[in-house]
Structure formats: C-alpha cells, structure tokens
Amino acid sequence: MRKATTVVVVALVVAAFARTAAEERVDLDMFWKFRQEGIGNSKVLETLHVLTDVYGPRMTGSPNLKAAGEWAIGQMHAWGLKQGRLEPWDFNRDGWTNERLTAHIVSPVKDALVVEALGWTPGTSGAVRGSAMQMTLPQRPTRAALTAYLEPLKASVKGKMVLVGAPQQVLVTFSKPALRRDDSDVMNTLNAAPAGGPPQQQAPAPAAQPPAATPPAQPTDEQPLNNNQLQQQLNQFLVDSGALVRINDAGRDHGQIRAFNNPAYDVAKAPPTVVMRNEDYGRIWRLAADGRTVDLEFDIVNRTHPEGRTSYNVIAEIPGTDKADEVVMLGGHLDSWHAGTGATDNAIGCAIMMEAARILTATGAKPRRTVRVALWSGEEQGLLGSQAYVREHFGTVEQPKPEHAKFAGYFNVDNGTGHVRGWTVFGPPAAGTILREAVASLKDLGVMGATTTRSRQRGGTDHTSFNEAGLPGIGAIQDPIEYQTYTWHTNLDTYERIVEDDVKKTAIVVASAVYHLAMRDEPLPRFTKDEMPRRPQQQQQQPQPQPSAPAVAPTPVTR
Ligand SMILES: [Zn+2]
C-alpha cells in the first residue's frame, strides 16, 4: 500500500515538474529532495508518538507541557537546529492536572461511568459516595433570580452529586459531513475576495503598553448573567452548600466528551466537577426522574502546579546565511486540553513543523533567511503564548520593535490531520501570488494555491496574533477529516486519529514553502503603511483568557 502510493506520487511529481512557475524562481531540485526525505525518512509519527503518548495531555502550566517542550528542543538540536530555548511568559495562574479518576453508579444498578474532570477544579477527598440530585436552572436568570432559585436548595444539595441541567438530546446524524474538500470547493475559497477591513485611515493611536486588564463587569440584579457569571455563582453556591460533586452533561454523540475549565481558574471556587458522556448522564437522569434513588461514587485526584504561572514557548532555528537577520517562522501550539492526548489539536501541527525543519536540515538546505520554529503554549486560553511572543519580539505595525521590519512570514498548522489544501496570508495580492507560485509544483500533494486576507482580527489560531500586529501570518486551509465531528477538544483526540499520508504531505509542503520564502531575493511583500488595514477596535487591549469559549475557531477554513 505504502509502496504503491510512493509510485503514484513520483509519477505525478514528474508531470508537475513539466510546468514551471510563471514569475517565481522556485528551486525544484531542492523541492524534489524535500519530497524524497519527507516520504522516505519521515519522523513525523515518531514525534507525534512522543508528544501524545509520552507527554499528553499538555495543559498550559502543566509539568507535561514543559517536559514536552524540553524534549522537542533536544530533538530539534539532534536534527541540527540551533538556539533551542524555552521563552517564558506570564500565564498568571497555577497549572492544573488530573491524575486519577474513577466514576461508578452503585445503586440501583452497578456500572462504570465515562467522565472527564473539568479543568481547574479540585479533586474529591478520596472515594466519595452520594445520591444524584437533578438541578434544572432557570433560563437566563439575573443574579437575584438565580439566588432566589438556589437558596431553597441549600440544605438538599449537601452531600449530593448534582447533575446540572436536563440531558441534551443528541440526534442521530443521517448525512455525514465530508471528510475531504472537493478541489472546486477549495478553489472557491482561494478565489474569494480577501476578508478584512478597509485601509487604516483613522486608526486610533495605540497605547504605548498594553493597557491593564479591565476587571470583568459586575452583573447588576437587573441584567441576565452571562454564562461565566452564572457558572461562577452556581459553583460558589455548590461549594458553600457542601455538594460532593458537580456533574455536567457532555451533550455529544458516541461517548465524546469535551472538558474545558472552571471559568475562575481557581480550584477553591468550584466543587469537584466532571463532564459525563451524554449516554451515562441521560441514564442517571431518567432513573432519577422515575423517583428512584441513584447512588454514585467518585474518586478524583487533581493537582495544581504553582510553577505553571510561568509558561513557555519553545523556539529553535536554522540560522540563515547572507540574510540571517531576517526571519521566516513556522509553528503550532504545543498545549492541549486534557480529555485526550491532544493529537489533532495540536501535537500534529507541532510534529509537522518540526518535521519540516528536519527535512530542511537533513537535505542540507542552507536557507538565506533564518528559519525559526515556534511551539506555542496558552493557545487554548486565548492565543496567550503567541500574543506574548509577538508583543515581546515584534510589537505592532503602529509601534514596531526593530525585529518587526525583519519578519518575512509565519506559517501555522492547527486544523487537525487533514492535509494542507491552501494558504491564507495576511498581506497584499502579491504575497498570495508568490505563495501560490511557490507551491504550484506540489498540487499532487493536495495543495491548490494561496489566498490573502486583510483581517487583523485575532481569533482562530496563532497566525492571527501576527496578523493583528500587521505581520504576514500564513494559516493552513486543511481537509476537515474528523476534526470538528470527533477529535477537536474531545476525549477521542489521540494518536490513532492521525492520517499518516496526509501529515507527511503537509510537512513536505511546509518545508518547500518555508524554504522558498527564506531564499527569494526580496522578503514576502507586506502592506504598505497606507494599505495597512485597521486593527479592530476591540483588540486594543491585552488579550483576556476565554475560559468557557475555546479559542480555536469552529470552522477549519480561514479566508
Ligand atoms: Zn488548536
């Protein structure tokens, strides 16, 4: 099977080589070497194995994440990269890990339950047993309405396992979403008008330093609580009332569980909390609704890590030659959520970028510009690591640091295992044309071209930290495979969900595109001062973590 694939690839490559790029002088001889190395000697699955099986999950602030970063540096040094280092940034909250978790229904039936701990919640005092209690909260309550609802329950909550909310009805999906995108669909994306605002004519003057975080608005008794406010008030009530465990419904099909975090990021401000698969949650709810007493038992061991208040980005580079002071970057985020081992989100993005750099060193490539790999942390809490890096090294186009002028592009992969179908670069049309021509000989690997965006909106994933600063971030458009349907932030996000052929191809495409940008005479074109789109008004402040709203955009397509 693998051999046959290689033969097909080689045949298509020969066909592709018959064409040459219109304007760009692309080094097809080096591209050929990258293919040979990336198909024949790939280390991408070995890297993935270590990042997931040995160090997963890799929560921001956890010892696992730091150890994974240290391992990655050692590995990249062994491949010939230089200057490997952990660059610290202030996470400003303790790290958190779950070490042990058992959950059982013990009466009226005996069975094991499938659950995940909610991040930044405490464990139980050993194995604890209590009866299930159903709680159906009022819709969009004000603070006063929620208080009025909860207070009468104070005595009955003590010593209980509290199920918060009726189980969600998860309907059978009759038409399955496509695993791959048609070429025509990809081309529609690549041919669409660039997203983003008008040129920056009256951009507000940015502050010299990011302004201090504004405290969250205190709810008044008249306004409905937002979700974070509601969760925090409910958690405080459950702690004060002596509830044993809070149980949330995962609300997804086939046993999938997405477990994020207690919005306060403080184990003192929440009861022990689990997210339970919809099937177990529904069973317990229905048994209790019959009027039966349902007894549950949990044993949860969680740990906090004060040293995790400092988190780290992982950096390593291939020094350039005659243009070594200019930099082309490539990266993904190394941090993950904790229900799985964070394979598709985003050990694979890191493994692909490390592999692309390995391909360059293994083939003896001597990039003129410095090629720098960055594996971010804090992405899941709001792109915090890449934001800190961009702030520290580059500043913004409005208030640039010297390195801002020397920056020649940042490639990001963070949409799962599907191979790259195209690139979206923040910059003028010429930047898109250059990238398109750079990858024109790689169509047999799935990549169809490139498009541009004018948007400086932060969101989605880490390349937008660069876009926001007016720098050319380059995001991958990828085939969806099972990312949104199964693996993104779920307990199913493991090594097994990676498609080997896809990730090998992406690593080759990345190595080729990075090499091209590192070799061409001029750096990738950027917006001139007059062309530069405005920075969105709401992003003039320091980023705040988005506790319950994960930072990764739900759609895999960027424009
Ligand atoms: Zn991600």
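Note: the structure precedes this text.
Residues numbered from 1 in each chain as written. Predicted model: local features only at pLDDT ≥ 70, side-chain atom pairs only at ≥ 80, totals over all residues. Heavy atoms only, no water.

### Brief notes about the sheet that holds strand β11 (residues 323-333)
Then, number 1: Taken together, the eight strands give an open sheet; going across it, the order is β1-β10-β12-β11-β13-β16-β14-β15, and neighbouring strands pair in mixed fashion. Of all the strands in the sheet, just β1 (82-90) and β15 (450-453) have a single pairing partner and so form its edges. Going from strand to strand, the sheet's axes swing by 25° on average, the running direction of each strand aside.
Then, number 2: Note that strand β14 (residues 420-426) and strand β16 (residues 473-478) share five bridges and pair antiparallel. Each bridged residue has a counterpart across the sheet, and for W423 the counterpart in β16 is A476.
Then, number 3: Lying over the sheet, helix α4 (residues 63-78) contacts β1, β10 (310-318) and β12 (369-376), oriented at roughly 160° with respect to β1.
Then, number 4: Relative to the sheet, helix α10 (residues 343-362) contacts β10, β11, β12 and β13 (407-412), its axis offset from that of β11 by approximately 150°. (Pairing = 2+ DSSP bridges. Helix = DSSP H or I, 4+ residues; strand = E, 2+ residues; numbered from the N terminus. Axes fitted to C-alpha atoms, helices over the stretch in contact; angles between N-to-C directions. Contact = heavy atoms within 4.5 Å.)

### Section: the coordination of the zinc ion
Then, number 1: Distances from the zinc ion to its protein donors, H333 (NE2), D345 (OD), D414 (OD) and D414 (OD), fall at 1.8 to 2.6 Å.
Then, number 2: Taken together, the four donor atoms coordinating the zinc ion and their angles of 52 to 149° define a geometry best described as irregular.
Then, number 3: The sequence motif formed by the donor residues of the zinc ion is H-x11-D-x68-D. Taken as a pair, D345 in helix α10 and D414 in the loop between β13 and β14 lie far apart in primary sequence, 69 residues in all. A single burial state applies to D345 and to D414, both of which are buried. (Donors = N, O, S within 2.8 Å, 3.2 Å for Na, K, Ca; no water. Tetrahedral: all angles 85-135°; square planar, octahedral: opposite > 155°, others 65-115°. Buried < 20%, exposed > 50% of the residue type's maximum accessible area, 1.4 Å probe, protein only.)

### Overview of the sheet that holds strand β9 (residues 295-305)
Then, number 1: Here eight strands make up an open sheet; going across it, the order is β3-β2-β9-β5-β6-β7-β8-β4 and the pairing mixed. A single partner strand is all that each edge strand has here, and the edge strands are β3 (111-112) and β4 (115-117).
Then, number 2: As paired elements, strand β7 (residues 245-249) and strand β8 (residues 273-276) share four bridges and run parallel to each other. By the bridge assignment, D249 is partnered in β8 with M276.
Then, number 3: The strands touched by helix α8 (residues 227-241) within the sheet are β5 (127-135), β6 (161-164) and β7, with β7 carrying the most contacts at an inclination of about 145°.
Then, number 4: Strands in contact with helix α9 (residues 278-289) are β2 (95-107), β3, β5, β6, β7, β8 and β9; relative to β5, the strand with the most contacts, it is inclined by about 70°.

### A few points about the packing of helix α2 (residues 28-40) against helix α15 (residues 500-519)
Then, number 1: α15 packs onto α2 with a crossing angle of 150° between their chain directions and a minimal axis gap of 9 Å. Classified by the angle between their axes, α2 and α15 sit roughly antiparallel to one another. By crossing handedness, the relation of α2 to α15 is classed as right-handed. For the pair formed by α2 and α15, the contact residues are M30, F31, F34, R35, G38 and I39 on the first element and K504, I508, A511, S512, Y515 and H516 on the second.
Then, number 2: Among the residues forming the contact of α2 with α15, the class breakdown is seven nonpolar, three polar and two charged. (Parallel < 35°, antiparallel > 145°, perpendicular 65-115°, else oblique. Left-handed = near helix turned anticlockwise from the far one by under 90°. Nonpolar A, V, L, I, M, F, W, Y, C, P; charged D, E, K, R; others polar.)

### A look at the environment of A78
Then, number 1: Structurally, A78 is set in helix α4.
Then, number 2: The spacing of A78 and R358 is 280 residues in sequence and 9.5 Å in space, taken between C-alpha atoms.

### So, unusual backbone geometry
Then, number 1: The residue after S107, namely P108, is reached through a cis peptide bond having omega 5°.
Then, number 2: The topology assignment puts P108 in the loop between β2 and β3.
Then, number 3: Phi angles above zero are rare outside glycine, and H254 is one such case at about 55°.
Then, number 4: When you line up the elements, H254 lands in the loop between β7 and β8.

### Topic: the pattern of salt bridges
Then, number 1: The final tally for this structure, using the stated rule, is 30 salt bridges.
Then, number 2: The closest approach of N and O atoms between R368 and D521, which form a salt bridge, is 2.9 Å. One end of the pair, R368, is in the loop between α10 and β12; the other, D521, is in the segment after α15, with 153 residues separating them in the sequence.
Then, number 3: Taking relative accessible area as the criterion, R368 reaches 18% and is therefore assigned buried.
Then, number 4: On the accessibility criterion, D521 (43% relative accessible area) is partly exposed.
Then, number 5: Close ionic contact of R497 with E482 constitutes a salt bridge, the shortest N to O distance being 3.3 Å. Here R497 is found in the loop between α14 (483-487) and α15, whereas its partner E482 is found in the loop between β16 and α14, with 15 residues between them in sequence.
Then, number 6: Classification of R497 as partly exposed rests on a relative accessible area of 33%.
Then, number 7: Among the ionic contacts, a cluster of salt bridges with common partners joins R180, D183, R421, D479 and D502. (Salt bridge = Lys/Arg side-chain N within 4 Å of Asp/Glu carboxyl O.)

### Examining the side chain of E116
Then, number 1: By the secondary structure assignment, E116 is in strand β4.
Then, number 2: Buried and without a salt bridge, E116 has R277 as its closest oppositely charged side chain, separated by 11 Å. (Lys, Arg positive; Asp, Glu negative; His and termini not counted.)

### Some points on the pairing of β6
Then, number 1: Residues M161 and L163 of β6 are buried on one face, and the alternating residues V162 and V164, pointing to the opposite face, are buried as well.
Then, number 2: With four bridges joining them, β5 and β6 adopt parallel strand pairing. Considered in β6, the bridge of M133 is made with V162.
Then, number 3: Alignment of β6 against β7, held across four bridges, turns out to be parallel. Paired with M161 across the bridge in β7 is V245.

### Structural notes on α8
Then, number 1: Under the 1.5 Å per step criterion, the end-to-end length of α8 is 21 Å for 15 residues, consistent within 8% with the ideal 21 Å.
Then, number 2: Of all the positions in α8, only Q229, L230, Q231, Q233, L234, N235, F237, L238 and S241 are classed as buried.
Then, number 3: In this fold, the buried residues of α8 make contact with β5, α5 (143-150), α6 (154-157), β6 and β7.
Then, number 4: At the C-terminal side of α8, G242 shows a positive phi close to 80°. (Expected span 1.5 Å × (residues − 1).)

### Points about the nonpolar core
Then, number 1: With 69 residues, the main nonpolar core has M76, F411 and W423 as its most contacted residues.
Then, number 2: Residue contributions to this core peak at 12 residues, all from α10.
Then, number 3: In contact with M76, not counting residues within four places along its chain, are L81, V314, A316, M354, V373 and L375.
Then, number 4: Counting 21 residues, the second-largest nonpolar core is a separate cluster that includes A103, L113, V128 and M161. (Core = buried A, V, L, I, M, F, W, Y, C linked by side-chain atoms within 4.5 Å.)

Geometric values such as these leave the question of function open.
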